[in-house]
Amino acid sequence: MRVYLGLGSNLGDRAYYLEEAISALMSPTIKIVNTSRIYETEPWGVMDQPLYWNQVIEVETTLEPLDLLHACQEIELRLGRERKLHWGPRTIDIDLLLYDNRVSESEELTLPHPYLEDRAFVLAPLREIAPKLVLPSGRSITDVSGEGKVHPLI
């Protein structure tokens, strides 16, 4: 299955946490296909926190969506993620943005990510690596811009 993951970090060595998350994702069941540049972005939701570094990666996986979510959450925990404040600062965040164009909603996971089309910090890097992508809503990735300022770093 083709999956797009959004990564974000705004505590500590942001580059380190992004690199470590990508490295930890590589496994027999997850193959990294493409990575965007890193973007520096304003916080979303809770504004009084440090700037984020965000990146989107494309992976191929044999894991089912919930199994992939749990693998991502385990990596977050290993990298020091603490869930104290919703949309608050974190060492690393790994979000399932799109899972092979599946549309589903459960208590634990909603696909596509419910805020995908609202967040410039995932749309800009997603557009970079998948410029011809059509979102499950039927809209082209080039037709949505989201909210917030994004600045490519690398």
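Residues numbered from 1 in each chain as written. Predicted model: local features only at pLDDT ≥ 70, side-chain atom pairs only at ≥ 80, totals over all residues. Heavy atoms only, no water.

Asks: For this particular structure, what's the right way to read the side chain of Glu58?
Replies: Mapped onto the elements, Glu58 comes out in strand 4 (residues 52-61). Setting aside residues no more than four positions away along its own chain, Glu58 makes contact with Arg2, Val3, Tyr4, Lys31, Ile32, Val33, Asn34 and Ile129. (Helix = DSSP H or I, 4+ residues; strand = E, 2+ residues; numbered from the N terminus. Contact = heavy atoms within 4.5 Å.)

Asks: What's the story with the packing of aromatic side chains in this structure? I'm lost.
Replies: Two aromatic rings, taken as a pair, are described by how far apart their centres are and by the angle between their planes. Taken as a whole and judged by the stated rule, the model has one aromatic pair. With a centroid separation of 5.2 Å and an interplanar angle of 75°, the aromatic rings of Tyr16 and Tyr17 are classed as edge-to-face. Exposure remark for Tyr16: the relative accessible area of 39% places this residue in the partly exposed category. A relative accessible area of 17% places Tyr17 in the buried class. (Phe/Tyr/Trp six-rings, centres within 6.5 Å; stacked < 30°, edge-to-face > 60°. Buried < 20%, exposed > 50% of the residue type's maximum accessible area, 1.4 Å probe, protein only.)

Asks: What is the right way to look at the environment of Pro112 in this model?
Replies: Note on placement: Pro112 falls in the loop between strand 7 (110-111) and helix 3 (120-129). Each C-alpha atom of the pair Pro112 and Tyr39 lies 21 Å from the other, and the pair is 73 residues apart in sequence.

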